[in-house]
Amino acid sequence: MLRDATLDDVAFLGPIEAAGDARFAAAGHPELADGSTIPLDVARRSIAEERLIVAEVDGTVVAWAQFSRDPGEWCLGQISVLPEHQGTGIGTALLGEVIARAVTAGVRTLVLNTQDDVPWNRPWYEHVGFVVVPEAQWTATMRDDTAAQVAAGLDWSTRVHMRLTLAGTDRR
């Protein structure tokens, strides 16, 4: 079951993210398992603005997705799924819900940034229709996000920005 997150869900977000990040660490990115998780103020603001969705299995929160609503182009900030629930379609359902909300809102594109060198990651987004945005086409927001992530210790030689065009399509 997918639903908007509530403040009661905040306690689940960090552990879910940390467990998912451990998989990235095992794939060669220990910097992603540094113990940092969604900041409390970001989670609370996202919940208040209905930009954080959780997935429940048997009444337990097992995954979440957070996004931002920039005019004309939303940004998928994070999808985190407990490892024991990965590969079951929960992440795909969360992504589909974010896309459906963007389409309903008349948003033209959805962007994200992610690891390019992890075998299950970029291909999953490409399967949905995301394409890599060449650096020459990055927006100011993409450049700012990249700079902030580099400052936080991420290696951008292994990351990409991706975009999904939504305008004129029903992606449900």
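To be clear, the structure that these remarks concern was listed above.
Cut-offs and rules
- Residues numbered from 1 in each chain as written.
- Predicted model: local features only at pLDDT ≥ 70, side-chain atom pairs only at ≥ 80, totals over all residues.
- Heavy atoms only, no water.
- Helix = DSSP H or I, 4+ residues; strand = E, 2+ residues; numbered from the N terminus.
- Rg over C-alpha atoms; globule rule 2.2 N^0.38 Å.
- Expected span 1.5 Å × (residues − 1).
- Buried < 20%, exposed > 50% of the residue type's maximum accessible area, 1.4 Å probe, protein only.
- Arc of directions from axis to C-beta.
- Contact = heavy atoms within 4.5 Å.
- Pairing = 2+ DSSP bridges.
- Right-handed = clockwise from strand over helix to strand, strands pointing away.
- Phe/Tyr/Trp six-rings, centres within 6.5 Å; stacked < 30°, edge-to-face > 60°.

Visitor: What's the story with the overall build of the protein in this structure? I'm lost.
Guide: When its secondary structure is counted, the protein shows five helices and seven strands. Helices and strands appear in the protein in the N-to-C order β-α-α-β-β-β-α-β-α-β-α-β. Over its C-alpha trace the protein gives a radius of gyration of 15 Å, about what one expects of a compact globule, namely 16 Å for 172 residues. Overall size of the protein, expressed as C-alpha extent along the three principal axes, is 45 × 35 × 30 Å.

Visitor: Honestly, helix α3 (residues 90-104) in this entry has me stumped. Any pointers?
Guide: The terminal C-alpha atoms of α3, which comprises 15 residues, lie 21 Å apart, in line with the 21 Å expected from a rise of 1.5 Å per residue. Of all the positions in α3, only Ile90, Gly91, Leu94, Leu95, Val98, Ile99, Ala100, Arg101 and Ala102 are classed as buried.

Visitor: Could you clarify how one ought to interpret the environment of Ala136 in this entry?
Guide: Residue placement: Ala136 occurs in the loop between β6 (131-132) and α5 (140-151). Spatially, the C-alpha atoms of Ala136 and Gln78 are 24 Å apart, while their sequence positions differ by 58 residues.

Visitor: Can you walk me through helix α2 (residues 40-48) in this structure?
Guide: Two residues of an α-helix separated by three or four positions point the same way, owing to the 3.6 residues in each turn. Every buried residue of α2 is listed here: Ala43, Ser46 and Ile47. Buried positions in α2, seen along its axis, are confined to an arc of 100° and lie on one side of it. Buried-residue contacts for α2 involve α1 (10-26), β2 (52-57) and β3 (60-70). Backbone geometry just downstream of α2 places Glu50 in the positive-phi region, at approximately 55°.

Visitor: Can you help me understand the pairing of strand β4 (residues 73-81) in this one?
Guide: Across the nine residues that make up β4, a large majority, seven, are buried. Across eight bridges, β3 lies against β4 in antiparallel orientation. Looking at the pairing, Arg69 lines up with Trp74 of β4. Direction of pairing for β4 relative to strand β5 (residues 109-115): parallel, over a ladder of three bridges. Among the inter-strand pairings, Glu73 is bridged to a residue of β5, identified as Thr109. Regarding the hand of the β-α-β motif, the stretch spanning β4, α3 and β5 is right-handed.

Visitor: Looking at this model, I keep getting lost on the packing of aromatic side chains. Mind explaining?
Guide: Considering all chains together, one arrives at five aromatic pairs under this definition. Taking 5.1 Å as the distance between ring centres and 15° as the angle between the ring planes, the aromatic pair formed by Phe67 and Trp74 counts as stacked. Comparing Phe67 with Trp74 shows no difference in burial state: the two are buried. Here the aromatic rings of Tyr125 and Phe130 are separated by 5.6 Å at their centres, their planes lie at 80°, and the arrangement is edge-to-face.

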